[in-house]
Amino acid sequence: MQDHELYRRILGIQAPWFVDSVDLRLEVGEIHVHLRHHDLIHWPCPECGADCKLYDHQPERQWRHLDTCQYQTILHAEPPRSECREHGVKAIKLPWAEPSSRFTALFEALAIEWLKAASQKAVGGLLKLSWDEIHGIMERAVKRGLERRQADVVGEIGVDEKAFRKGHSYLTLVNDLIRGRVLYVAEDRKQSSLDGFWETLTAEQISGIRAVAMDMWDPYIESVREHVPEADGKIVFDKFHVAKHLGDAVDRVRRKEHKTLKAAGDDRLAGTRYDWLRNPASMEPKYRKEFAELRNSELKTARAWALKETAMALYEYVYERPARKHFRWWHGWAVRSRLQPMIEVARTLKRRFENIITYLGTASPTQAANPSMPRSKIQWVKYTARGFRNRQNFVHAICFHCGGLDLAPQATK
Ligand SMILES: [Zn+2]
């Protein structure tokens, strides 16, 4: 059966390689294609490209390729080794696969494209890949992408923490706020977690940082101060995190008041936790009306809520002087409110105020509603990858989906 030429063409095998034999194992759904090469006078050294003599062959290896006619197709070959005067004995680069992979580059490229669009479970099922194989493909793709990343200056960055497994442990993420991609992921949310990021930057990249959006979190603040020149003028405690502090304070008021009311048989605050955090404009008209009754009531929670909303009005100011005036007036109201959580948050905001108004009223993305743009994408990563058995897989998946990386294997480019 002269199918060698046919398979050579289907698989795109080029000289000096040729199809030596094809073994159809159709009963198990597999096609095994054995490759050999013609004798060449010279083989290029993989390090320097110099013409070298053939030294020997490594034992036979296998690579899973794209299926042919729905059959799993596996290439077999003995990789030749060249002997370079300068670099010694090295396995030569094979045109169909990257050195460490058990898949051909085309197969990996397909798996990567599918993983961008569907869950790991779905891709694993369709391509008949194990979790380990899926994670291996993603890990190699991320490694390639990071090696290819240029040392661009990123002017505005965001630092964010992300809980892994519901608050049992944390990751620190550094985001490029201009291009909306994740630049760096590290374990924990300590100063050392963020310190590692600066080490990946050139001096030019560090001096090119104009603004760092983040939460009022001392370990991060210390890290920025130690590594970024004139940090105090560049740190921005962003709107998202300020809103979160205010929202948490409102919730503390609500929980305490709910307990008191409930003891007296008043259930008005039950199940309203998220209503106080939402924007009323986004509520359905029916709920908006119900909520209006609550927030116009004499409840302490309603007063705390009004304080939160008034504080957030700060972000409507374009000019610094009226913004400062608004804040002074708000702070006076908050500290006289007799609502302990609101008094505490007012003190925190006052102490941090110079870094809240950094870049206020400008087009800086640090002043956007949620400067950590990849946040929603990371939720999606969590959702599509429930098979994470360890945190490292989660980190790779974040970089894979949110890193803006060039992931394709070299041989397919
Ligand atoms: Zn060499």
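Remember, predicted model here, so these are calculated numbers, not experimental data.

Rules of the game
- Residues numbered from 1 in each chain as written.
- Predicted model: local features only at pLDDT ≥ 70, side-chain atom pairs only at ≥ 80, totals over all residues.
- Heavy atoms only, no water.
- Axes fitted to C-alpha atoms, helices over the stretch in contact; angles between N-to-C directions.
- Helix = DSSP H or I, 4+ residues; strand = E, 2+ residues; numbered from the N terminus.
- Parallel < 35°, antiparallel > 145°, perpendicular 65-115°, else oblique.
- Left-handed = near helix turned anticlockwise from the far one by under 90°.
- Contact = heavy atoms within 4.5 Å.
- Nonpolar A, V, L, I, M, F, W, Y, C, P; charged D, E, K, R; others polar.
- Salt bridge = Lys/Arg side-chain N within 4 Å of Asp/Glu carboxyl O.
- Buried < 20%, exposed > 50% of the residue type's maximum accessible area, 1.4 Å probe, protein only.
- Donors = N, O, S within 2.8 Å, 3.2 Å for Na, K, Ca; no water.
- Tetrahedral: all angles 85-135°; square planar, octahedral: opposite > 155°, others 65-115°.
- Pairing = 2+ DSSP bridges.
- Disulfide = S-S within 2.5 Å.
- Expected span 1.5 Å × (residues − 1).
- Polar contact = N/O pair within 3.5 Å; in protein donor to acceptor, adjacent residues only side chain to side chain.

Trainee: How would you summarise the packing of helix α11 (residues 320-335) against helix α12 (residues 340-351) if you had to cite specific residues and measurements?
Mentor: For any two helices packed against each other, one specifies the crossing angle of their axes together with the interaxial distance. Between α11 and α12, whose axes approach to 8 Å, the crossing angle comes to 150°. Classified by the interaxial angle, the pair formed by α11 and α12 is roughly antiparallel. Considering only the axes of α11 and α12, their crossing is left-handed. Here α11 contributes F327, W330, H331, A334 and V335 to the contact with α12, which in turn contributes M342, I343, A346, R347, L349 and K350. Residue composition of the contact of α11 with α12, by class: eight nonpolar, one polar and two charged.

Trainee: Would you mind going over the pattern of salt bridges in detail, with residue names and values included?
Mentor: Considering all chains together, one arrives at 30 salt bridges under this definition. For R352, the salt bridge goes to D218, with nearest N and O atoms at 2.9 Å. Here R352 is found in the loop between α12 and α13 (353-356), whereas its partner D218 is found in helix α7 (residues 218-227), with 134 residues between them in sequence. Since its relative accessible area comes to 45%, D218 is described here as partly exposed. Through salt bridges with shared partners, a single network forms among E98, E108, R140 and R144.

Trainee: Tell me what's going on with the coordination of the zinc ion, and back it up with residues and numbers.
Mentor: Within the protein, C45 (SG), C48 (SG), C84 (SG) and H87 (ND1) serve as the donor atoms for the zinc ion, at 2.2 to 2.3 Å. Taken together, the four donor atoms surrounding the zinc ion define angles of 106 to 112° at the centre, an arrangement classified as tetrahedral. Going along the chain, you hit the donors of the zinc ion in the pattern C-x2-C-x35-C-x2-H. Among the residues examined, C48 registers a relative accessible area of 39% and is labelled partly exposed.

Trainee: I'd like a description of the sheet that holds strand β13 (residues 235-237), backed by residues and values.
Mentor: Read from one edge to the other, the open sheet built from five strands follows the order β11-β10-β9-β12-β13, with strand pairing classed as mixed. With one partner strand each, in any of the chains shown, β11 (181-187) and β13 form the two edges of the open sheet. Along the sheet, successive strands turn relative to each other by an average axial angle of 25°, direction set aside. Note: strand β10 (residues 169-176) against β11, six bridges, orientation antiparallel. Note that in β11 the partner of N175 across the bridge is V182. In the packing of helix α8 (residues 239-263) onto the sheet, the strands contacted are β9 (156-164), β12 (211-214) and β13, and the crossing angle to β9 comes to about 40°.

Trainee: Lay out helix α5 (residues 191-199) with the relevant residues and their values.
Mentor: Within α5, the full set of buried residues consists of S193, L194, D195, G196, F197 and W198. As for α5, its buried residues are in contact with β9, β10, β11, α6 (203-207) and α7.

Trainee: Requested: an account of the environment of G158, with residues and values cited.
Mentor: Relative to the elements of secondary structure, G158 occurs in strand β9. A residue is classified by how much of its surface remains accessible, and G158, at 1% relative accessible area, is buried. Linking G158 and D176, residues 18 residues apart in sequence, is a C-alpha distance of 6.6 Å. Once you skip the residues sitting within four places of it in the chain, G158 turns out to touch L173, V174, N175, L177 and A213.

Trainee: Lay out the side chain of H396 with the relevant residues and their values.
Mentor: You can see H396 is positioned in helix α15 (residues 391-402). Judged by relative accessible area, which is 13%, H396 ranks as buried. Excluding residues that lie within four positions of it along the chain, H396 makes contacts with E139 and V142.

Trainee: Which residues make up the state of the cysteines, and what values do they have?
Mentor: Scanning the model with the defined rule gives zero disulfides in all. Free cysteine: C399, not disulfide-bonded; nearest cysteine sulfur from C402 at 8.5 Å.

Trainee: Any chance you could break down the sheet that holds strand β3 (residues 43-44) for me, citing the residues and the numbers?
Mentor: With antiparallel pairing, the four strands of this open sheet are ordered in space as β3-β4-β7-β8. Because the sheet does not close on itself, it has two edges, and the strands there are β3 and β8 (88-91). In the sheet, β3 pairs with strand β4 (residues 51-57) via two bridges, with the strands oriented antiparallel. Bridge pairing links W43 to C52 in β4.

Trainee: Tell me what's going on with the packing of α5 against α7, and back it up with residues and numbers.
Mentor: Relative to each other, α5 and α7 sit at 30°, their axes nearing to 8 Å. Considering the angle they form, α5 stands roughly parallel to α7. Considering only the axes of α5 and α7, their crossing is right-handed. Of α7, the residues touching α5 (which contributes Q191, L194, D195 and W198) are P219, Y220, E222, S223, V224, E226 and H227. Partitioning the contact of α5 with α7 into residue classes produces five nonpolar, three polar and three charged.

Trainee: Account for α12, naming residues and giving values.
Mentor: Between the first and last C-alpha of α12 there are 17 Å, a value that for twelve residues agrees with the 16 Å anticipated at 1.5 Å per step. Looking only at α12, the buried set comprises P341, M342, I343, V345, A346 and L349. The inward-facing, buried residues of α12 contact α8, α10 (300-312), α11 and α13.

Trainee: I'd like a description of the environment of R210, backed by residues and values.
Mentor: Within the secondary structure, R210 is located in the loop between α6 and β12. Residue R210 is classed as partly exposed on the basis of its relative accessible area of 41%. As a C-alpha pair, R210 and E230 span 20 residues in sequence and 9.6 Å in three-dimensional space. Sequence-distant contacts of R210, defined by excluding residues within four places in its chain, comprise G155, E156, I178, K234 and Y359. Of the polar contacts made by the side chain of R210, one reaches the side chain of E156; its length is 3.2 Å.

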